[in-house]
Amino acid sequence: MGEIKGSDIFDKSLIKAPLELAGNIDVLMKKLAKLIKLMKKSESAIGLAKSTKSINTETKNLTKTQTELQKIEKQILSERQKLITSRTKEAQQLAKLKVQNADRN
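1. As for the confidence of the model for the protein
Thinking step 1. In the predicted model, the protein carries a mean pLDDT of 81, and 81% of its residues have values of at least 70.
Thinking step 2. Within the protein, the lowest mean pLDDT, 64, falls on helix α1 (residues 6-9), and the highest, 87, falls on helix α3 (residues 52-104).

2. Description of the environment of Thr-63
Thinking step 1. Relative to the helices and strands, Thr-63 is located in helix α3.
Thinking step 2. A sequence separation of 24 residues divides Thr-63 from Met-39, and the C-alpha atoms of the two residues are 9.0 Å apart.

3. Here's the deal with the environment of Ala-33
Thinking step 1. Turning to its location among the elements, Ala-33 is positioned in helix α2 (residues 12-48).
Thinking step 2. Distance in space between the C-alpha atoms of Ala-33 and Leu-69 is 9.4 Å, their sequence separation being 36 residues.

4. Some points on the pattern of salt bridges
Thinking step 1. Under the definition given, this model contains one salt bridge.
Thinking step 2. With a shortest N-O distance of 3.7 Å, Glu-79 and Lys-82 are connected by a salt bridge. With Glu-79 and Lys-82 both in helix α3, this residue pair falls three residues apart, about one helical turn.

5. Let's talk about the side chain of Thr-65
Thinking step 1. Tracing the chain through its elements places Thr-65 in helix α3.
Thinking step 2. Those residues in contact with Thr-65 that lie beyond four places of it in its chain are Leu-35, Leu-38 and Met-39.

6. Comments concerning the environment of Gly-23
Thinking step 1. Here Gly-23 shows up in helix α2.
Thinking step 2. Between the C-alpha atom of Gly-23 and that of Glu-79, which follows or precedes it by 56 residues, the distance is 9.9 Å.

Rules behind the numbers
Residues numbered from 1 in each chain as written. Predicted model: local features only at pLDDT ≥ 70, side-chain atom pairs only at ≥ 80, totals over all residues. Heavy atoms only, no water. pLDDT = per-residue confidence, 0-100. Helix = DSSP H or I, 4+ residues; strand = E, 2+ residues; numbered from the N terminus. Salt bridge = Lys/Arg side-chain N within 4 Å of Asp/Glu carboxyl O. Contact = heavy atoms within 4.5 Å.

This is the structure we're talking about:
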């Protein structure tokens, strides 16, 4: 019987996918932080606006920002779900390999 190596348990593609997803989530989180800053600026500008036109413009900007925020939140949720699915598959594969290894012994 040979020694079990890491490559026997995990396929490199299984490790690569969660890392890519984690990187995508980091990018989305940075965008989310940027959008939150923009929303705060828009809210401040609305508070300082003196004319109806300025308020209308700032309201539109805030609405656009909130819409973008919702899109990013959906993307984050989707990426998290993909990561969970990937980790579940890894756990299932590991359990299967453990059973196979136990059967060999």
